[in-house]
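For reference, the chains in residue letters:
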Amino acid sequence: MEVSTQIEKIITSLKKTCELAIKCDSNANLDEFLAMAAKISQVDLENANAIEAMESAAEAQTEEEFDVIFRRSMAGDVDDDAVKRHHIYKNFERFTRDLLSKRMLSSTTTVTQTTVTNDMEITETSHAIDPITKGPLVRPVRNKHCNHIYGYQSVIDSLAINRRLRCPMVGCSNKTFVSEQDLIEL
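Residues numbered from 1 in each chain as written. Predicted model: local features only at pLDDT ≥ 70, side-chain atom pairs only at ≥ 80, totals over all residues. Heavy atoms only, no water.

### Side note on the sheet that holds strand 3 (residues 140-143)
Sheets are built from strands paired through backbone hydrogen bonds, the pairs being either parallel or antiparallel.
Then, number 1: The sheet built from 3 strands is open, its strands ordered 4-3-5 with antiparallel pairing. The sheet is open, and its two borders are formed by strand 4 (149-151) and strand 5 (183-185), each paired with just one other strand. Between one strand axis and the next, the sheet turns by 40° as a mean value, whatever way the strands run.
Then, number 2: For strand 3 and strand 4, the ladder comprises 3 bridges, and the chain directions are antiparallel. Its bridge partner being in strand 4, Arg142 is matched across the sheet by Ile149.
Then, number 3: Sheet strands touched by helix 6 (residues 152-161): strand 3, strand 4 and strand 5. Its angle to strand 4, the strand with the most contacts, is close to 80°. (Pairing = 2+ DSSP bridges. Helix = DSSP H or I, 4+ residues; strand = E, 2+ residues; numbered from the N terminus. Axes fitted to C-alpha atoms, helices over the stretch in contact; angles between N-to-C directions. Contact = heavy atoms within 4.5 Å.)

### Focus on the pairing of strand 3
Here is the key point about a regular strand: its side chains alternate between the two faces of the sheet.
Then, number 1: In strand 3, alternate side chains face the same way, and those of Val141 and Asn143 are buried while those of Pro140 and Arg142 on the opposite face are not.
Then, number 2: Joining the antiparallel neighbours strand 3 and strand 4 is a turn of 5 residues, in which Asn147 adopts a positive phi near 70°. (Buried < 20%, exposed > 50% of the residue type's maximum accessible area, 1.4 Å probe, protein only.)

Shown next, in the form of structure tokens:
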């Protein structure tokens, strides 16, 4: 299997993982995914350089001559600017930007009219998922240490089972144990 085919599969997998992270964690940091895309772009550029070096050295008459030509062709490192201009990185960056704008739009605004005062009332609803139960978010609370959001009852039930509960969000760097006092009702 060619390296470019493998890289395409890796990028597809990274995009799916990024989408899942956004669905499960409204505060997901996409910088980590962009860093991975940059590394994949760097690998692709280095692979292209190696192929070009092999083609340049292919006409060599001796092993030593091949080695000299190949090493000279491979001498330059791939710089950050080249990585950020690479099509894989640019496409992934565009993908994450679109994902963020969709996340902003996933919170829908509905308008209802009250019959008593005839005023307009705007309510915002969010289609959030509780990271503990994987069901709809009911009575959301925010952990003041990491800002992740859970359903109040699900976190209280989890604390009843394990008082040494850490934030249940995958990849959360918060190392403090969750306590009821740390939960801020939204």
